[in-house]
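These are the residues of each chain, in order.
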Amino acid sequence: MKNIIILGSTGSIGVNALKVVSQLNAKRGLKEKYQVVGLSGHSNIGLLKKQICDFGVKLVSVSDDRAAIDIKVWAKQKHLKLKVLKGASGLKQLAGQKNSDMVLSSVVGFAGLEPLLAALKQGKKVALANKEALVVAGDLVMREACCSGAQIIPVDSEHSAVFQCLNSELSGVRNNRSIRRIILTASGGAFYQHKGSLDKVTVSQALAHPTWQMGKKITIDCATLTNKGLEAIEAHYLFGVPMDKIHIVIHPQSIVHSLVEFEDGAVLAQLSHPDMRLPIQYALTYPERVPAQLRYLELEKIQKLEFFKPDFHRFPCLNLVLTAGRKGGLWPAVFNGANEEAVKAFLGGHILFTDISKVIQRVMNAFPREQNILAKEKKMDLQKVLKADQWARNQTYKVSVF
Ligand code: NDP
Ligand code: MG
């Protein structure tokens, strides 16, 4: 029996992960069964309650007092034995529980960083969807994993693809110097085919992703192409490959999930229909592969796989995030803080789609360079990252009209 904790179980990845767990447990002849020992939710407490009942969960974490009281009263009425943790410290406590074999980190945004560090500190096997944690504090996260011997298995489909390509190299080729390039594919998001100005596009247009069903924040990040820049930084830390060896191509069909080009010119890729249940399942069962209840690929039906250059001019966020990634230090945290606030403002109807990049650019322009130089000289620590994140969020409101 593998005990698993899911942080952010009420989100898109969390819900898919619970489907995978049910499907795996229903399979006959599978060596390992999965027991969900902890869950967390933020605003969707109704769904969290349903998940607690469906999976017989005994430990949960919620963000605030109201939700904690609500869920305690409900559990008492139902005669359930349930321990309820709350707030940021509750989420960290949940992530670091001794009785779990694996933690799936699928909280969205910066809020996932400290729980991830708590899980890694305990040497847990972590299935990582929360890319923002690696973006803002990649050095710190990888250092923590290295010190405790914790293993990070990527869930993000592109990184799962790269991980699978590298795992298929059975001999000593794990040496990342043999990698010439990592090629990340991007669907292009909601506006890749959009003609005309992006000034007037609506929130619902931006949320209409052509190939993937995901949470709102990542869907907007796809529409601005920020997501692919975040993923380049994520790949840089996960695979130890320099930013300039990470290449981005638009691939509207979302069938090729990413590729690795080696020094000898060979290119390995992972292909499948766009469905997050596959990378989630791979992360849970790794290093085993087991049958999944997913459609197999029929290439003759797909017929066409296209690849294009991204349009940096039309999607300026991509340049901004890659610049932050190349500069390193605290710059990715500054970018990320500004982006999270700007996306929230766009979703709330306070700014235009095209304002997202303008706001981030202004925040980055205002970031005191000395601070970043100082942070790079001394070892990066959590306090500096928290400070940079808070600075960027405050600055977002100073430079904007909302
Ligand atoms: P969702 O918005 O659907 O879900 C986010 C989860 O985090 C929910 O459980 C939500 O709770 C919880 N949450 C939100 N804010 C907080 C907070 N401040 N503190 C604690 N918990 C919080 O996001 P996704 O599932 O789409 O994405 C999750 C992560 O995975 C992101 O980092 C994303 O980039 C990454 N990812 C997602 C993919 C996808 O297919 N969705 C693909 C690849 C990567 P509640 O719903 O109860 O409010
Ligand atoms: Mg991805």
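Scroll up a little and you will see the structure.
Residues numbered from 1 in each chain as written. Chains lettered and ligands numbered in written order. Predicted model: local features only at pLDDT ≥ 70, side-chain atom pairs only at ≥ 80, totals over all residues. Heavy atoms only, no water.

1. Digging into the state of the cysteines
Next up, step 1: Tallying each qualifying case throughout the model produces zero disulfides.
Next up, step 2: Just so you know, Cys147 is unpaired, no disulfide at all, and the nearest cysteine sulfur is the one on Cys146, 5.9 Å from it.
Next up, step 3: Overall, Cys147 belongs to the exposed group, its relative accessible area being 64%. (Disulfide = S-S within 2.5 Å. Buried < 20%, exposed > 50% of the residue type's maximum accessible area, 1.4 Å probe, protein only.)

2. Quick notes on the pattern of salt bridges
Next up, step 1: This model, assessed by the stated rule, comprises 20 salt bridges.
Next up, step 2: For Glu288, the salt bridge identified is with Lys31, shortest N-O distance 3.5 Å. Within this pair, whereas Glu288 is found in the loop between helix H11 (277–285) and helix H12 (299–302), its partner Lys31 is found in the loop between helix H1 (12–26) and strand S2 (34–40), the two being separated by 257 residues in sequence.
Next up, step 3: Residue classification places Glu288 among the partly exposed positions, given a relative accessible area of 40%.
Next up, step 4: With its nearest N and O atoms 3.0 Å apart, the salt bridge here joins Asp65 to Lys86. Of this pair, Asp65 sits in helix H3 (residues 65–77) while Lys86 sits in strand S4 (residues 83–86), and the two are 21 residues apart along the sequence.
Next up, step 5: Ionic contacts of the salt-bridge type, sharing partners, join the residues Lys131, Asp156, Glu158, Lys228 and Glu231 into one network. (Salt bridge = Lys/Arg side-chain N within 4 Å of Asp/Glu carboxyl O. Helix = DSSP H or I, 4+ residues; strand = E, 2+ residues; numbered from the N terminus.)

3. Section: the packing of helix H10 (residues 226–239) against helix H13 (residues 316–327)
Next up, step 1: Where H10 meets H13, the axes come as close as 8 Å, and the angle between the chain directions of the two elements is 15°. Taken together, H10 and H13 sit at an angle that is classed as roughly parallel. In this structure, H10 meets H13 at a crossing whose hand is right-handed. In this structure, H10 uses Thr226, Lys228, Gly229, Leu230, Ala232 and Ile233 to contact H13, whose residues at the interface are Cys317, Leu318, Val321, Leu322 and Gly325.
Next up, step 2: Along the lines of polarity and charge, the residues of the contact of H10 with H13 split into seven nonpolar, three polar and one charged. (Axes fitted to C-alpha atoms, helices over the stretch in contact; angles between N-to-C directions. Parallel < 35°, antiparallel > 145°, perpendicular 65-115°, else oblique. Left-handed = near helix turned anticlockwise from the far one by under 90°. Contact = heavy atoms within 4.5 Å. Nonpolar A, V, L, I, M, F, W, Y, C, P; charged D, E, K, R; others polar.)

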